Amino acid sequence: MNILKLLDKLSHDKFFTTEASRLETITNLSVFGKKAATAAVPLGLGGLMTTSVKAETTHTQITGTALKSTLTDALQLALVLEYLENEYYAIGLSTAGLIPNTDRTVFMQISKHESAHVSFLKSTLTSLGTTPGSKPTFDFTANGNFSPFTDYNQFLILAQAFEDTGVRAYKGQAGNVMSNKVVLQAALQIHSVEARHASQVRRMRANKGWIELANGGNMPSATNPVYAGEDNINQAGYNTGTAFGAAAGSAAYDEILSGSDAQTIASLFIA
């Protein structure tokens with residue numbers, strides 16, 4: 001999977017440049033219905049279906065390849081995000097005097113979770129016959145825009161941004177891993193843990209554990225794209241804002257990030 005190159009000459013106000021996508025419709029194509037219809041055709045019409053069956057077989061092979069590619073691409077994206085979080089917390093924990101003793105236990109546990117996620121994703125990709133992507137070289141200063149390992153407040157800000165990005169990115173890839181139920185279940189399990197991480201870090205910054213509208217909660221404007229689209233109050237044709245108010249309505253449904261948006265955000269921390 002290709003990762004977008006680090007954007008040049010970033011300013012604090014224009015640090016992130018890609019607006020996050022709204023909820024996308026994911027359509028899964030299946031050939032099951034056509035096969036069933038073919039099997040139900042009376043014997044006398046079998047000869048007329050030969051060409052269609054051959055074409056359908058070819059379509060199935062192509063679709064199978066596409067499904068695998070979609071699945072592994074989604075896992076590779078998740079791996080990059082997990083690499084990023086895993087290394088971020090490892091460096092933070094190894095930096096003397098950065099994390100207060102009262103908070104170290106939290107980040108030690110989160111770090112263990114991220115390490116486990118990296119191991120799982122690498123193992124899963126290997127089992128699918130795909131070589132896991134190598135860990136990128138990260139620049140957590142984002143070309144000098146942040147100092148997370150000398151300023152604990154900035155460390156918390158980026159930790160929240162990374163966790164909130166991960167939560168939305170996992171949801172955005174759910175439709176792309178549906179072809180493998182085992183992987184889908186594991187991805188959902190990781191997603192819920194990432195959501196707990198995000199809620200915990202948000203509360204450590206005196207924020208609410210959930211997101212209202214597109215407000216990350218005392219976050220610099222540079223992180224706005226992490227929360228763009230979170231003010232959506234229309235869910236499957238239902239206006240949640242009408243019943244509960246815009247803030248509560250938006251908070252009741254967390255929005256996704258598309259793969260390209262998640263890559264763009266992650267790439268800003270890749271040297």
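Use the structure listed above.
To keep things clear, this report deals only with the structure shown in the data block. These figures come from a predicted structure and were not determined experimentally. (Residues numbered from 1 in each chain as written. Predicted model: local features only at pLDDT ≥ 70, side-chain atom pairs only at ≥ 80, totals over all residues. Heavy atoms only, no water.)

Observations regarding the overall build of the chain
Note the following rule: A run of DSSP states H or I qualifies as a helix once it reaches four residues; a run of E qualifies as a strand once it reaches two. Both are numbered from the N-terminal end. Relative accessibility under 20% of the residue-type maximum defines a buried residue, over 50% an exposed one, and the middle range a partly exposed one, all with a 1.4 Å probe and only protein chains included. Any two residues whose heavy atoms approach within 4.5 Å are treated as being in contact. Per-residue and other accessible areas follow the Shrake-Rupley method at a 1.4 Å probe size, with only the shown protein chains counted as cover for residues.
The helix and strand inventory of the chain stands at nine helices and two strands. For the chain, the sequential pattern of α-helices and β-strands runs α-α-α-α-α-α-β-β-α-α-α. Counting every position in the chain, which comprises 271 residues, the buried fraction comes to 43%. When contacts within the chain are restricted to residue pairs at least 6 apart in sequence, those whose partners lie at least 24 apart make up 77%. If you sum the accessible surface of the chain, you get close to 13,900 Å²; carbon and sulfur atoms cover 57% of it.

Considerations on a nonpolar patch on the surface
The test is simple: Within the patch definition used here, like charges are joined within 9 Å and nonpolar side chains (Val, Leu, Ile, Met, Phe, Trp, Tyr) within 5 Å, considering only residues with over 30% relative accessible area and no salt bridge. Each salt bridge in this description consists of a side-chain nitrogen of Lys or Arg and a carboxyl oxygen of Asp or Glu lying within 4 Å of one another.
A cluster of nonpolar residues, Tyr238, Phe244 and Tyr253, forms a patch on the protein surface that exposes about 330 Å² of accessible area. Note that phenylalanine 244 resides in helix 7 (residues 240-244).

Concerning unusual backbone geometry
With phi around 65 degrees, alanine 206 is a residue other than glycine that occupies positive phi space. One can find alanine 206 in the loop between helix 5 (181-204) and helix 6 (224-227). Within the chain, alanine 236 stands out as a residue other than glycine whose phi angle is a positive 50 degrees. Assignment of secondary structure puts alanine 236 in the loop between strand 1 (234-235) and strand 2 (238-239).

Describing the side chain of asparagine 207
Heads up, the condition is: Two N or O atoms count as a polar contact when they lie within 3.5 Å, although within protein this holds only if one can serve as hydrogen donor and the other as acceptor, and sequence-adjacent residues are included solely when both atoms are side-chain atoms.
Within the fold, asparagine 207 resides in the loop between helix 5 and helix 6. Classification of asparagine 207 by relative accessible area gives buried; the value is 10%. Polar side-chain contacts of asparagine 207 include one of 3.2 Å to the side chain of glutamine 160. Here the side chain of asparagine 207 touches glycine 217 through a polar contact of 2.8 Å, landing on its backbone oxygen. Look past the residues within four positions of asparagine 207 in its chain and what remains in contact with it is Gln160, Arg202, Gly216, Gly217 and Asn218.

With respect to the nonpolar core
Stated formally: Put simply, a nonpolar core is a bunch of buried Ala, Val, Leu, Ile, Met, Phe, Trp, Tyr and Cys residues held in one set by side-chain atoms that sit within 4.5 Å of each other.
Tyr88, Phe107 and Phe155 are the most contacted members of the largest nonpolar core, which totals 43 residues. Taken together, the elements giving at least two residues each to this core come down to helix 2 (50-94), helix 3 (101-127), helix 4 (152-172), helix 5 and helix 9 (259-267). For phenylalanine 155, the residues in contact, after removing those within four places along its chain, are Tyr88, Tyr89, Gly92, Leu98, Ile99, Phe107, Pro148 and Phe149. With eight residues, the next largest nonpolar core counts Ile211, Met219, Tyr227 and Ile265 among its residues.

Quick notes on the packing of helix 4 against helix 5
The condition is simple: Axis geometry follows a simple rule: fit a line to the C-alpha atoms, using only the stretch in contact for helices, then measure angles between N-to-C directions, giving values from 0 to 180 degrees. Each angle is binned into one of four classes, with values under 35 degrees roughly parallel, values over 145 roughly antiparallel, values of 65 to 115 roughly perpendicular, and all other values oblique. Should the near helix be turned counterclockwise from the far one by less than a right angle, the crossing is left-handed, whereas a clockwise turn marks it as right-handed. Put simply, Ala, Val, Leu, Ile, Met, Phe, Trp, Tyr, Cys and Pro go in the nonpolar bin, Asp, Glu, Lys and Arg in the charged bin, and everything else, Gly too, in the polar bin.
Between helix 4 and helix 5, the least distance of the axes is 8 Å, while the angle of their chain directions is 150 degrees. On the basis of the axis angle, helix 4 is roughly antiparallel to helix 5. As for how helix 4 packs across helix 5, the hand of that crossing is left-handed. The segment helix 4 lies against helix 5, with Tyr152, Leu156, Ala159, Gln160, Glu163, Asp164, Val167, Tyr170 and Lys171 engaging Ala187, Ile190, His191, Glu194, Ala195, His197, Ala198, Val201, Arg202 and Met204. The residue inventory of the contact of helix 4 with helix 5, partitioned by class, reads 11 nonpolar, three polar and five charged.

Description of the side chain of threonine 240
As for its placement among the helices and strands, threonine 240 is situated in helix 7. For threonine 240, a relative accessible area of 1% translates into the label buried. Looking at threonine 240, its side chain comes within polar contact range of the main-chain oxygen of glycine 249, at 3.1 Å. If we skip the residues at most four places from it in the chain, threonine 240 touches Ile233, Gln235, Gly245, Gly249, Ser250 and Tyr253.

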